[in-house]
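# What the coordinates show
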Amino acid sequence: MPPIFEILHKDCAGRIGRLETPHGIIETPTIMPVVNPNIQTIKPCELRKFGAEMIITNSYIIYRRPELRERALREGLHSLIGFDGPIMTDSGSYQLSIYGEVEVNNKEIVEFQQNIGSDIGVPLDIPTPPDVSRIRAESELDQTIIREKEALGLRKNMLLAAPVQGSTFTDLRERSARELSQLDFDVYPLGAVVPLMESYRYSELVDVIVASKKGLSPASPVHLFGAGHPMMFSLAVALGCDLFDSASYALYAKDGRYMTARGTYHLEQLQYLPCSCPICSSLNARELFESEKREELLARHNLYVTFEEIREVKQAIQEGSLWELVEHRCRAHPQLLSGLKRALSQHSGWIEKVQPLSRSTFFYSGPESSMRPEVLRHGNRLKNLNIAGKVLIRTRQLENEDQFDHVFDFKPPFGPYPLELKETFPFNAEVVNEPDHESLTVALTNLIELMKLNPGCEFITALEGFSGHPLMVEVQNLSSKY
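For the structure given in this document, a descriptive report is provided here. Being a predicted model, the structure only gives us computed values, none of them experimental. Counting from 1, residues in each chain are numbered in the order their sequence is written. Totals for whole chains, interfaces and linings use every residue, but because this is a predicted model, local features are given only for residues with pLDDT of at least 70 and side-chain atom pairs only at 80 or more, for both listing and counting. Note that water and hydrogens are dropped before the side-chain values are worked out from all heavy atoms of the structure.

Check the secondary structure of the protein chain and you find 19 helices and 17 strands. If one aligns the C-alpha atoms of the protein chain with their principal axes, the spans along those axes are about 85 × 55 × 40 Å. Looking at the protein chain residue by residue over its 482 residues, the buried ones come to 55%. Pairs at least 24 apart in sequence give 67% of the contacts found in the protein chain among residues at least 6 apart. Approximately 21000 Å² of the protein chain is accessible, and the part contributed by carbon and sulfur atoms is 48%. When charges are counted, neither His nor the chain ends are considered; positive counts come from Lys and Arg and negative counts from Asp and Glu. The atoms used to mark charge sites are NZ of Lys, CZ of Arg, CG of Asp and CD of Glu. Side-chain charges in the protein chain split into 50 positive and 64 negative, and the spacing between the mean points of these groups amounts to 2 Å. Secondary structure elements follow DSSP: runs of H or I of four or more residues count as helices, runs of E of two or more count as strands, with numbering from the N terminus. Only protein chains enter the accessibility calculation, which uses a 1.4 Å probe; a residue is then buried when its area is under 20% of its type maximum, exposed when over 50%, and partly exposed in between. We call two residues contacting when some pair of their heavy atoms lies within 4.5 Å. Using a 1.4 Å probe, the Shrake-Rupley method yields the accessible areas, and only the shown protein chains count as cover for residues.

As structure tokens, then:
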């Protein structure tokens, strides 16, 4: 029986969901801390107190070490790792991407994951990196799909993940996702994206996520492999990712790196600890740096801040303010902001189709807000609006408005909208008093479109403070013409 992925709340393309696994139900979005069977900076049994509902470990590492393999087969994966909740296992694809080969085949590693009691297993897919030839990307994608189909025939009571591959060729990603979505898989990880994140190529990451989502069923849980930095959770969730995993909390701690939702600091450069977690509340920056347990304490802080951001994202979905959080977080780094711009400039139409019609808030926080799906949706609706008679477009209430057949309020970035909708979403948006060029351009473009589509109307415009904008000349010409 396939697992149930129940979607509870939605905002943008993101959602809060409940995923059933053999060892319990987890609530998404969430991150699975990576647990190395050989090196455990923090004991897995302690991870729940940080917020971890599920963890991920590498079945290939266990398979290669005879003592670990025998114990896992004898006692089970959960006993070996020391975690009583759901555990996902990777297959060795990471080692395949690093070393070019592994000492196991697809059938062996899938059966091994099943025999040790993994909750979610992964076939031995081929992680095709960015910047390869299309011939290679297609060939490795075809091999991956063959292996994934083979894994389906081996599955018994384990949930099975089907990594979506295709390098940075978005059409291959969409084709891969569409083909896999028609089969009986349970979770759909987006593979081989770590190189994009490590090199801050967030615009291309956005393209990969959206292309994959277009091919998948909207009901499919999506896992963004290797994504573990809190600064990018909100954007990834807004695009429809549900699960994340990363060893960053431990790897960063080993290198003395201190994670925040705004980025990463080197601990030796901090004078103050900008956090209120139990670690940062009990130690100052110097004490943490000089502590003999620095690596463990820093890993704990990194976990606390990671799950704090997950909760922040969930709350934003719950109250319908995820876009506001995304715009705030993406200003933490120029390339992350580029990712947001790519999402809104290239994929706003797709987001508009999946985003709920009504949300809680619309706070204008910069030029990117003028490209939000709500603005696009309003522009599309204006094109279908048929009106007749005398029409007033105004920025504030005027006398004798009753002489007009229609009165439209004008508010950047939306432009004109029926006065009756003033107190409804999204026209009750909080916007700046002096609109920037981008929001005013979109608003005036929408106005010009409305006027051109209704040439039989007599338009009167009373727009204050916008006379310096180049498009106002066209507005005035159309107004006098119509």
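On we go from here.
This part is about the sheet that holds strand 16 (residues 415-418). One open sheet holds the four strands; their spatial order is 16-15-14-17, and the pairing between them is mixed. In this open sheet, the two strands that pair with only one neighbour each are strand 16 and strand 17 (458-462). Sheet twist, expressed as the mean angle between neighbouring strand axes with direction ignored, is 30°. Two elements, strand 15 (residues 406-411) and strand 16, share four bridges in a ladder whose sense is antiparallel. Counterpart to Asp409 in the pairing with strand 16 is Tyr417. Paired strands, in this sense, are two strands between which DSSP finds at least two bridges. Between the N-to-C directions of two axes lies an angle of 0 to 180 degrees, each axis being a line fitted to C-alpha atoms and, for a helix, fitted only over the stretch in contact.

In this model, Thr28 is joined to Pro29 through a cis peptide bond whose omega is 0°. Following the sequence through the fold, Pro29 ends up in the loop between strand 3 (24-28) and strand 4 (30-35). In this chain, Phe425 is followed by Pro426 through a cis amide linkage whose omega measures 5°. Within the secondary structure layout, Pro426 lies in the loop between strand 16 and helix 18 (437-453). Of note, Ser167 is a non-glycine position whose phi angle comes to about 55°, a positive value. Following the sequence through the fold, Ser167 ends up in the loop between strand 8 (159-160) and helix 7 (170-181). Even without a glycine there, the phi angle at Ala192 is positive, about 60°. Tracing the chain through its elements places Ala192 in the loop between strand 9 (188-190) and helix 8 (194-198).

Let's shift gears to the sheet that holds strand 3. Taken in spatial order, the three strands of this open sheet run 1-2-3, and their pairing is antiparallel. A strand with exactly one partner marks an edge of an open sheet, and here the two such strands are strand 1 (5-11) and strand 3. Between one strand axis and the next, the sheet turns through 10° on average, direction left out of account.

This part is about the packing of helix 5 (residues 106-115) against helix 6 (residues 134-154). In the contact formed by helix 5 and helix 6, the axes pass within 10 Å of each other and the chain directions differ by 40°. Judged on the interaxial angle alone, helix 6 and helix 5 are oblique. Our pair here, helix 5 against helix 6, has a crossing hand that is right-handed. Between helix 5 and helix 6, the residues in contact are Asn106, Lys107, Val110, Glu111 and Gln114 and Arg147, Glu150, Ala151 and Leu154, respectively. Any residue that is not Ala, Val, Leu, Ile, Met, Phe, Trp, Tyr, Cys, Pro, Asp, Glu, Lys or Arg is counted as polar, Gly included; the first ten are nonpolar and the last four charged. Looking at the contact of helix 5 with helix 6 residue by residue, the class counts come to three nonpolar, two polar and four charged. Should an angle fall under 35 degrees it is taken as roughly parallel, and over 145 as roughly antiparallel, whereas 65 to 115 is taken as roughly perpendicular and any remaining angle as oblique. A crossing counts as left-handed when the near helix is turned anticlockwise from the far one by less than a right angle, and as right-handed when that turn is clockwise.

Quick look at helix 9 (residues 202-215) now. What a helix should span is 1.5 Å times the count of its residues minus one. For helix 9, spanning 14 residues, the distance from its first C-alpha to its last is 20 Å, which sits close to the expected 20 Å at 1.5 Å a residue. Among the 14 residues that make up helix 9, twelve are buried, leaving the element largely enclosed by the rest of the structure. Regarding helix 9, the residues found buried are Tyr202, Ser203, Leu205, Val206, Asp207, Val208, Ile209, Val210, Ala211, Ser212, Lys213 and Gly215.

Extensive coverage of helix 15 (residues 322-329) is indicated by the burial of seven of its eight residues. On the buried face of helix 15, the contacting elements are strand 1, helix 10 (233-238), helix 14 (294-319), helix 16 (334-354) and helix 17 (373-383).

A few words on the nonpolar core. Buried Ala, Val, Leu, Ile, Met, Phe, Trp, Tyr and Cys residues form a nonpolar core when they are joined through side-chain atoms within 4.5 Å. Core analysis: the largest hydrophobic core is formed by 103 residues, its most contacted members being Leu205, Leu224, Met232, Phe244 and Leu322. Per element, the largest residue contribution to this core is ten residues, and it comes from helix 14. In this view, Met232 contacts Met197, Tyr202, Leu205, Leu224, Ala227 and Leu336; residues no more than four positions away in its chain are not counted. Residues Leu382, Ala443, Cys457 and Val475 belong to the second largest nonpolar core, which totals 20 residues.

Packing of helix 6 against helix 7 leaves a shortest axis separation of 11 Å and a crossing angle of 15°. Comparing the axis directions of helix 6 and helix 7 gives the class roughly parallel. The element helix 6 and its partner helix 7 pack so that their crossing is right-handed. Every residue of helix 7 that contacts helix 6 at Arg134, Ala137, Glu138, Leu141, Asp142, Ile145, Glu148 and Lys149 is listed here: Asp171, Leu172, Arg175, Ser176, Glu179 and Leu180. Tallied by class, the residues present in the contact of helix 6 with helix 7 amount to five nonpolar, one polar and eight charged.

Below, the discussion takes up the pattern of salt bridges. For salt bridges, the criterion is a side-chain nitrogen of Lys or Arg within 4 Å of an Asp or Glu carboxyl oxygen. Enumeration according to the criterion identifies 37 salt bridges in this entry. Note that Glu75 and Arg71 form a salt bridge whose closest N and O atoms lie 3.0 Å from each other. Highlighted residues: Glu75 and Arg71, both in helix 2 (residues 66-75), separated by four residues, approximately one helical turn. For Arg71, a relative accessible area of 31% corresponds to the partly exposed category. For the salt bridge of Arg136 with Glu140, the shortest nitrogen-to-oxygen distance reads 2.9 Å. Of this pair, Arg136 and Glu140 are both found in helix 6, four residues apart, which corresponds to roughly one turn of the helix. What emerges from the salt-bridge pattern is a single network uniting Glu46, Lys49, Glu296 and Arg300.

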